[in-house]
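# A look at the structure
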Amino acid sequence: MHELVCKRNTLTVLKMGEGVFHWLTLVISVNIVYVGAAPVKLCDKSADIAFLIDSSSSIWIYDFEKQIKFVQELVKRFNIGPDTIQVAALTFSHNVVNEFHFNDVDSAQEASDRIGRIVHERGNYTFTNYALDIMRTDLFSPINGARARVAKICILLTDGQSSYPKETLVQARLAKESGITILAIGIGDRVDEQELRTVVSPPANQNYFHSSTFDRLKEKLFPELIGQIACDEQEDQPPVEACQGKNADIIFVVDMSSSIWVKHFKEELEFLADLVSNFDINSGKTRVGMVTFSTATEVQFYLDKYRSREDVREAILSTQSHGGLTNTHLALQRARYEMFSMKHGSRRGVAHICIVITDGVSRIPEMTLIESNLNHEAGIDVFAISVGHEVDVKELHHIASKPEYVFEVNGYGALKHITNILAVKTCQEDEPPVVACRGKREDVVFIVDMSSSIWVVDFQEQLKFLSDLVGFFDINGDNARVGLLTFSTDTRVHFYLNTYNVQEEVSKAILAIKSEGGLTNTHLALQKALYEMMTPMHGSRSEVDHVIIVFTDGLSRVPRLTARQAHKTHQAGVEVIAVGVGDRTNKAELEQIASRKEFVFEVSGYNTLQEIGNILARKTCEVT
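Summary of the structure given here. This is a predicted model, so every value here is computed, not measured.

A few words now on the overall build of the protein. Regarding its fold elements, the protein presents 23 helices and 18 strands. Here the protein holds 624 residues, and 56% of them are scored as buried. Taking the contacts inside the protein whose residues are at least 6 apart along the sequence as the reference set, 78% of them involve residues at least 24 apart. Summing over all exposed atoms, the protein offers an accessible surface of approximately 26000 Å²; the carbon and sulfur share of this is 50%.

On to the environment of Lys-166. Topologically, Lys-166 is positioned in helix 7 (residues 165-177). The class of Lys-166 is exposed, set by a relative accessible area of 66%. Considered as a pair, Lys-166 and Asn-129 are 37 residues apart in the sequence and their alpha carbons are 8.6 Å apart.

This part is about the sheet that holds strand 6 (residues 208-211). If you trace the 6 strands from one edge of the open sheet to the other, you get 3-2-1-4-5-6, paired in mixed fashion. A single partner strand is all that each edge strand has here, and the edge strands are strand 3 (96-100) and strand 6. In this sheet, adjacent strand axes meet at a mean angle of 20° when their direction is disregarded. Relative to strand 4 (residues 151-158), strand 1 (residues 47-54) is paired through 7 bridges, and the arrangement is parallel. Bridging across to strand 4, Ile-49 finds its partner in Ile-153.

With mixed pairing, the 6 strands of this open sheet are ordered in space as 15-14-13-16-17-18. Two strands in the sheet have a free side with no partner beyond their single neighbour: strand 15 (491-495) and strand 18 (600-603). Geometrically, the sheet is characterised by an average inter-axis angle of 20° between neighbouring strands, direction not taken into account. Direction of pairing for strand 17 (residues 575-581) relative to strand 18: parallel, over a ladder of 4 bridges. The residue bridging Ala-578 from the neighbouring strand is Val-600, located in strand 18. Set on the sheet, helix 18 (residues 456-469) makes contact with strand 13 (442-449), strand 14 (480-487) and strand 16 (545-552); between it and strand 13 the angle comes to about 170°. Where helix 20 (residues 522-533) meets the sheet, it contacts strand 13, strand 14, strand 15 and strand 16, and its direction lies at approximately 145° from that of strand 14.

What follows is about empty space enclosed by the protein. Under the definition given, this model contains 2 cavities of 30 Å³ or more. Computed from the structure, the second largest cavity encloses a volume of approximately 30 Å³. Along the walls of the second largest cavity sit Leu-374, Glu-377, Glu-461, Lys-464, Phe-465, Tyr-606 and Gln-610, which together make up its complete lining. Where the lining of the second largest cavity is concerned, the elements lending two or more residues are helix 15 (365-377) and helix 18. With 3 residues, helix 18 is the largest single contributor of residues to the lining of the second largest cavity. Across the lining of the second largest cavity, the residue classes tally to 3 nonpolar, 1 polar and 3 charged.

Moving on to the packing of aromatic side chains. For the structure shown, the criterion picks out 10 aromatic pairs. Ring geometry for Tyr-125 and Phe-127: centres 5.4 Å apart, planes at 15°, overall stacked. For Tyr-125, a relative accessible area of 45% translates into the label partly exposed. Summarising the aromatic geometry, the rings of Phe-301 and Tyr-306 are spaced 5.3 Å apart at their centres and angled 70° between planes, so their arrangement reads as edge-to-face. When the ring centre of Tyr-337 is taken as origin, the NZ or CZ atom of Arg-336, which lies over that ring, is 4.4 Å away.

What follows concerns the packing of helix 12 (residues 262-276) against helix 13 (residues 309-317). The packing of two helices is summarised by the inter-axis angle and the distance between the axes. For the pair helix 12 and helix 13, interaxial distance at closest approach is 9 Å and the crossing angle is 170°. In terms of axis orientation, helix 12 runs roughly antiparallel to helix 13. From helix 12, Leu-269, Glu-270, Leu-272, Ala-273, Asp-274 and Val-276 reach across to helix 13, where they touch Arg-309, Val-312, Arg-313, Ile-316 and Leu-317.

So, about unusual backbone geometry. Even without glycine at this site, Arg-122 takes up a positive phi of about 55°. Looking at the element boundaries, Arg-122 is found in the loop between helix 5 (108-116) and helix 6 (128-139). Overall, the relative accessible area of 55% leaves Arg-122 in the exposed class.

Of the residues making up helix 23 (residues 613-622), those classed as buried are Gly-613, Leu-616, Ala-617, Thr-620 and Cys-621. Down the axis of helix 23, the buried set is contained in an arc of 135°. They therefore lie on one face.

Taken together, the side chains of Trp-60, Ile-61 and Tyr-62 present a nonpolar region at the surface, about 340 Å² in accessible area. Of note, Tyr-62 is situated in helix 4 (residues 61-76). Owing to a relative accessible area of 46%, Tyr-62 belongs among the partly exposed residues under this scheme.

This brings us to the layout of surface pockets. If a probe the size of a water molecule is rolled over the atoms, the empty space left behind becomes visible. As a volume, the second largest pocket reaches approximately 850 Å³. Considering the residues around the second largest pocket, the lining is formed by 24 residues, among which Asp-133, Arg-136, Gln-171, Leu-174 and Glu-408 are closest to the centre. Listed by contribution, the elements that provide at least two residues to the lining of the second largest pocket are helix 6, helix 7 and strand 12 (406-409). In terms of residues, the lining of the second largest pocket owes the most to one element, helix 6, which gives 7 residues. Looking at the lining of the second largest pocket, its residues break down into 10 nonpolar, 6 polar and 8 charged.

Thresholds applied
Residues numbered from 1 in each chain as written. Predicted model: local features only at pLDDT ≥ 70, side-chain atom pairs only at ≥ 80, totals over all residues. Heavy atoms only, no water. Helix = DSSP H or I, 4+ residues; strand = E, 2+ residues; numbered from the N terminus. Buried < 20%, exposed > 50% of the residue type's maximum accessible area, 1.4 Å probe, protein only. Contact = heavy atoms within 4.5 Å. Areas by Shrake-Rupley, 256 points an atom, 1.4 Å probe, with all protein chains shown as cover. Pairing = 2+ DSSP bridges. Axes fitted to C-alpha atoms, helices over the stretch in contact; angles between N-to-C directions. 1 Å grid on protein atoms, 1.4 Å probe; cavity = no way out; pocket = protein on both sides within 12 Å on 5 of 7 lines; lining within 4 Å. Points joined across faces, edges and corners; volume = space filled by probe spheres on them. Nonpolar A, V, L, I, M, F, W, Y, C, P; charged D, E, K, R; others polar. Phe/Tyr/Trp six-rings, centres within 6.5 Å; stacked < 30°, edge-to-face > 60°. Lys NZ or Arg CZ within 6 Å of the ring centre and 35° of its normal. Parallel < 35°, antiparallel > 145°, perpendicular 65-115°, else oblique. Arc of directions from axis to C-beta. Patch = residues over 30% accessible without salt bridge, like charges linked within 9 Å, V, L, I, M, F, W, Y side chains within 5 Å. Salt bridge = Lys/Arg side-chain N within 4 Å of Asp/Glu carboxyl O.

So this is what it looks like as structure tokens:
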């Protein structure tokens, strides 16, 4: 008898595919059972396990009952209790039905009884995407009993392809990114195995299973195998652990316009207060600031205001709503220029993250678009959260840095459902590379094109790029010094090398420059930089490296004189870097201006300057 059981189990494993075959040894060790023996309890590890059960019309009523009995058999093998295993279940077809939450049952028998009462919906669709969404946002919500420091597992059972495959994969990805491990059982010959292998957590050959019929589900192999995998899952770490060591400056941009009721505004604040619990604030590695907006903007606190998580939480919860219009563009602008400034605690070399929450369309969409683009180009990672149904989804995607940084919830009460996934996303953001310019002694002069061919918006983007670029230099009067002149028909010095000795003052002076337009007399700018800017009278030092960085969007007006003046600059021992912007520049002339070919940079437009920020700073710092 023993031999027969072992042979049957081994044969079943071999038939069920390569993925299950890898578990052969494990199955034999846990599944040698005597006929008539009682079910074996699987484990006592803490885990929250959600069952997603297909209830579509393609499943014959008798097969649906077999599916239900399989799930009942499985939950009976778990040691279910508030401190060990918790289970929840939903069914899906043309809609999604929450059968019970984690905090609705506290014993295996009670869970089995609830599962046994599930009704076959027999819907005409297979909305697997909605099932995964509700599983992530509702079943695994703390308010419904989900726990923070345990493994989160989803077991999906289905007999066919989802009605919306693309959306299903998106929801599966969101679930996995929020820390949920997905296992799936495909039943019958109509399943899309490729889809399910993509849905499950890797490795697919271990987490996806196929059963040829519903009858095969009743074999002891499946409950033991699925249950063992669930028990073997490593306990999940809460988002705060994932954020330990995260160096980031995070700004909340919070809508407080009149369309938000006081009650809902408080729910908005509670969501943010819960979110900051995931950040490593107490160590000083993560800093948080907050600005609110309606008709005007109001800074609630800067990045350098609070140094403990509790202080930040209290400051958020004490914010008062004033109402007004939805001037989103003003808030985005203030976040970039003021909140992310060194004067108010922002740091170079750490991730800059902005989290925007709004419930409506901005008052001036075209300005919101411009400010959003400038934030992206400034290297700020922007998350956009919409609440309710009055938002413009297209605008929301413009605000966010990436499509996956957009979150939509139906109401303020639902914000809590995205806390974990938003925290995970924020904590996973890459930190920008730090250029090793500390202690570097050099005199750097920017020569900036302001001719009529440059639009005002593009000129402002150029200035913002330069403002960020100087953050890489160790500006203190003794190490790095920076000067700047602009050129068009004439040249104009905006500040000399000895005008400022603090990086914040340099950045502020750059951002204050206004465009004047004119011709492109590049040769006059090179001449003035060499004979006026790079002189002891105006702060230049003989014992340090001298660097000129030229930005231009077109061919110079007198190429012959430009080439001659560039040659004189090289002979004087000044290293020249040339940056060409757009498609009207002349590569040959850029190479004549630059000291070396590797000092020539070309970008497609002013909105792509940020792409060369790190390498340009590194080249400048490596000049010897």
